Amino acid sequence: MRQNLLPFLQRIPGHRVVACVDPDRSLAAELASLAGGVVHAESVEALDLETVDAAVLAVPPEPSYVLTRYLVEHGVDCFVEKPAGPSTAALQDLDKVVHNTGRHVQVGFNFRYAETLQRLHELSRDVRATPCSVTIDFYSRHPSAPQWGVDTTLEAWIRHNGVHALDLARWFVPSPVVQVDAHAITGDADRFQGTVFLRHDDGSLSTLRMGNHVRRFLVGVTVQGMDGSRYSAPSLERVTLDLSEGLPFGQELHSTRNLDHGWTRSGFGPELEAFLDACRRKPAGHPVNGNGDGHSPTWEAPTVADALAASKLCDQTMDELHATGGSGFGSLTDPVPASAEVG
Ligand SMILES: NC(=O)c1ccc[n+]([C@@H]2O[C@H](COP(=O)([O-])OP(=O)(O)OC[C@H]3O[C@@H](n4cnc5c(N)ncnc54)[C@H](O)[C@@H]3O)[C@@H](O)[C@H]2O)c1
């Protein structure tokens with residue numbers, strides 16, 4: 001909240017922060033003073049919700065679920081950080097409640113709003129209209145310990161960070177996922193790298209390469225079409241057309257300006273802007289779509305239904321890893337010899 005959301009929120013006109021809440025009163029007070037000396041409280045129950053139109057939540061998964069449920073039932077629209085709930089069952093319940101209240105709830109899958117990935121999404125639209133292959137690299141050092149009630153580092157990482165990569169796969173290939181295959185290499189107990197393969201109903205394949213074995217954060221996406229094209233965003237900085245009709249090409253199609261203090265790079269600013277726009281525009285009870293002004297995305301903002309779908313993919317990934325003792329591989333009865341042993 002302090003590093004990513006509040007600073008961007010403060011750059012968006014047309015709203016006023018009225019209260020900051022954290023059970024740690026000193027943190028609530030600190031944030032309230034950063035927000036311009038507004039009201040602070042230890043719980044949302046202590047607030048007069050008549051003064052609140054919308055809430056931005058960046059709290060652990062269990063309170064994300066409990067608080068979002070409470071707030072929508074009291075008529076407040078919510079932006080809630082991913083994963084938005086501690087389990088698939090909780091998200092199933094939240095999805096139902098949100099639907100019944102008709103409130104607008106947007107989930108913080110910020111990479112959908114990162115300018116470079118949006119450009120890649122647009123540029124690859126035609127090749128993604130037929131079965132294609134999408135590779136997503138998602139590396140982050142954290143979590144590097146069990147977190148928020150999840151017992152192992154690997155599972156905490158998948159549920160709290162890998163969920164971004166699973167959401168990106170669903171965004172780039174909207175066709176339903178029909179198969180999941182997961183493999184992991186674990187180093188010491190707290191470091192791993194792994195690969196998750198998703199087969200989609202239209203025949204597309206998503207390959208997710210993930211892990212916390214790295215030194216710094218990295219996101220990259222590549223889209224390969226059946227026409228021999230390969231569009232690539234190796235980082236959040238640029239998009240290139242590596243291959244065209246199967247031949248090396250190497251044309252740079254997009255690069256970030258980096259003169260905007262990170263506004264477009266991470267997506268945090270644009271996603272909050274989209275949330276506030278939607279709250280202002282939306283008559284209660286109507287779902288929000290692109291606003292048709294030519295600037296906002298033509299896809300819908302990520303919802304609790306998206307968080308629920310991503311959570312099911314996390315469950316499936318963990319099931320696959322557990323079923324094969326963590327490696328994801330079924331063993332051959334007759335192992336193929338290593339190359340040095342051949343002959
Ligand atoms: N989109 C992203 O890239 C991104 C990045 C970081 C974190 N997150 C998400 O943001 C959320 C918070 O992560 P964090 O790293 O900031 O955690 P954190 O532990 O640093 O902060 C969470 C805060 O929530 C407060 N809190 C707990 N229960 C509360 C309640 N009932 N009411 C109000 N406040 C409460 C805690 O006291 C703490 O100050 C998580 O869901 C995480 O997955 C998303």
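Along each chain, numbering runs from 1 in the same order as the chain's sequence is written. Only residues with pLDDT of at least 70 get local features here, since the model is predicted, and only at 80 or more are side-chain atom pairs given and counted; chain-wide, interface and lining totals rely on the full set of residues.

Caption draft 1: Structural view of the site of the ligand. Nearness between a residue and a molecule or strand is assessed with a C-beta atom placed from the backbone; a distance within 6 Å qualifies. Around the ligand there are 18 residues in total, and Asp 22, Ala 58, Val 59, Pro 63 and Glu 81 lie nearest to it. With four residues, helix H3 (residues 61-73) is the largest single contributor of residues to the shell around the ligand. When residue character is reported, Ala, Val, Leu, Ile, Met, Phe, Trp, Tyr, Cys and Pro are called nonpolar, Asp, Glu, Lys and Arg charged, and the others, Gly included, polar. Across the shell around the ligand, the residue classes tally to ten nonpolar, four polar and four charged. By definition, any uninterrupted DSSP run of H or I lasting at least four residues is a helix, any uninterrupted run of E lasting at least two residues is a strand, and each is numbered from the N terminus.

Caption draft 2: View of the UniProt feature "domain: Gfo/Idh/MocA-like oxidoreductase N-terminal" (unreviewed entry) in the chain. As recorded in UniProt, the sites labelled "domain: Gfo/Idh/MocA-like oxidoreductase N-terminal" (unreviewed entry) are residues 5-109. Structurally, residues 5-109 is divided into 40% helix and 18% strand, and its ends, taken at the C-alpha atoms, are 13 Å apart. UniProt positions are given in the numbering used here, feature names are shortened, and annotations may be inferred rather than shown by experiment.

Caption draft 3: Just the sheet that holds strand E12 (residues 238-244), in detail. Whether two strands pair depends on DSSP finding at least two bridges between them. Strand order in this open sheet of eight strands is E7-E8-E9-E6-E10-E11-E12-E13, and the pairing throughout is mixed. Among the strands making up the open sheet, the edge pair consists of strand E7 (177-186) and strand E13 (247-255). Across the sheet, the axes of successive neighbouring strands diverge by a mean angle of 15°, strand direction being ignored. A pair of residues counts as a contact when their C-beta atoms, built from backbone coordinates, are separated by no more than 7 Å. The axes are straight lines fitted to the C-alpha atoms, using for helices just the contacting stretch, and the angles between their N-to-C directions are given from 0 to 180°. Sheet strands in contact with helix H9 (residues 304-323) are E7 and strand E8 (192-200), and its direction is about 55° off that of E7.

Caption draft 4: The nonpolar core, seen in detail. Counting residues in hydrophobic clusters, the biggest one holds 69 residues, and the most contacted among them are Cys 78, Ala 169, Val 221 and Val 304. A total of ten residues in this core trace back to one element, the largest contributor, which is helix H7 (residues 153-172). Beyond its immediate stretch of four places on either side in the chain, Cys 78 contacts Ala 54, Ala 55, Leu 57, Thr 68, Leu 71, Val 72 and Val 105. Only buried residues count toward a nonpolar core: Ala, Val, Leu, Ile, Met, Phe, Trp, Tyr and Cys, linked into one set through C-beta atoms within 7 Å. In this scheme the burial state of a residue depends on its C-beta neighbours within 10 Å: 20 or more other such atoms mean buried, 12 or fewer mean exposed, and anything in between means partly exposed; the C-beta positions come from the backbone. With six residues, the next largest nonpolar core counts Cys 20, Val 21, Ala 32 and Leu 47 among its residues.

Caption draft 5: Summary view of the domain arrangement of the chain. As far as domains go, the chain holds domain 1 (1-114 + 266-302) and domain 2 (115-257). Where each domain begins and ends follows an automated or database-derived domain assignment. Its C-alpha centre places domain 1 at a distance of 26 Å from the equivalent point of domain 2. Of the residues lining the interface, twelve residues belong to domain 1; the matching set on domain 2 comes to 15 residues. Class assignment of the residues belonging to the side of domain 1 that touches domain 2 gives a composition of nine nonpolar, no polar and three charged.

Caption draft 6: Representation of helix H5 (residues 115-123) within the structure. For H5, every residue scored as buried is listed here: Glu 115, Thr 116, Leu 117, Gln 118, Leu 120 and His 121. Those residues of H5 that are buried lie in contact with H7, strand E10 (218-224), strand E11 (230-233), E12 and E13.

Caption draft 7: Here's a closer look at unusual backbone geometry. The omega torsion of the bond from Lys 82 to Pro 83 falls at 0°, within 30 degrees of zero and hence cis. Tracing the chain through its elements places Pro 83 in the loop between strand E4 (77-81) and helix H4 (88-101). The omega torsion of the bond from His 142 to Pro 143 falls at -5°, within 30 degrees of zero and hence cis. Within the element layout of this structure, Pro 143 appears in the loop between strand E6 (133-139) and H7. Look at Ala 84: it is not a glycine, yet its phi comes out positive at around 75°. Relative to the helices and strands, Ala 84 is located in the loop between E4 and H4. With a phi angle near 50°, Glu 245 is a residue other than glycine that sits in the positive phi range. With respect to the element layout, Glu 245 can be found in the loop between E12 and E13.

Caption draft 8: Structural detail: the environment of Ala 19. Mapping Ala 19 onto the fold places it in strand E1 (residues 19-21). As for Ala 19 and Gly 37, which are separated by 18 residues in sequence, their C-alpha atoms are 9.0 Å apart. Those residues in contact with Ala 19 that sit more than four places away from it in its chain are Val 38, Val 39, His 40, Ala 41, Leu 47 and Val 52.

Caption draft 9: Here's a closer look at H3. With 13 residues, H3 ought to run about 18 Å at 1.5 Å a step, and its terminal C-alpha atoms sit 18 Å apart, in line with that. When H3 is considered as a whole, its buried residues turn out to be Pro 61, Ser 64, Tyr 65, Leu 67, Thr 68, Arg 69, Leu 71 and Val 72. Among the structural elements, strand E3 (54-57), E4, H4 and strand E5 (105-108) are those in contact with the buried residues of H3. Of the residues one or two after H3, Gly 75 is the one with positive phi, at around 80°. Helix span, expected: 1.5 Å multiplied by one less than the number of residues in the helix.

Caption draft 10: Up close: the sheet that holds E5. The three strands are arranged E3-E4-E5 in an open sheet whose pairing can be described as parallel. What marks the edges here is a single partner per strand, and that holds for E3 and E5. Between one strand axis and the next, the sheet turns by 10° as a mean value, whatever way the strands run. With four bridges joining them, E3 and E4 adopt parallel strand pairing. Of the residues in E4, the one forming a bridge with Ala 55 is Cys 78. The strands touched by H3 are E3, E4 and E5; relative to E4, the strand with the most contacts, the crossing angle is about 170°.

Caption draft 11: Summary view of the packing of H4 against H9. Orientation of H4 relative to H9, taken along the N-to-C sense of each, is 165°, at an axis distance of 9 Å. The orientation of H4 with respect to H9, classified from their angle, is roughly antiparallel. As for how H4 packs across H9, the hand of that crossing is left-handed. The segment H4 lies against H9, with Thr 88, Leu 91, Gln 92, Leu 94, Asp 95 and Val 98 engaging Val 304, Ala 305, Ala 307, Leu 308, Ser 311, Lys 312 and Asp 315. For the contact of H4 with H9, the per-class residue count stands at seven nonpolar, three polar and three charged. Roughly parallel refers to an angle under 35 degrees, roughly antiparallel to one over 145, roughly perpendicular to one between 65 and 115, and oblique to any angle outside these ranges. Take the far helix as the reference: if the near one is turned anticlockwise from it by less than a right angle, the crossing is left-handed, and if turned clockwise, right-handed.

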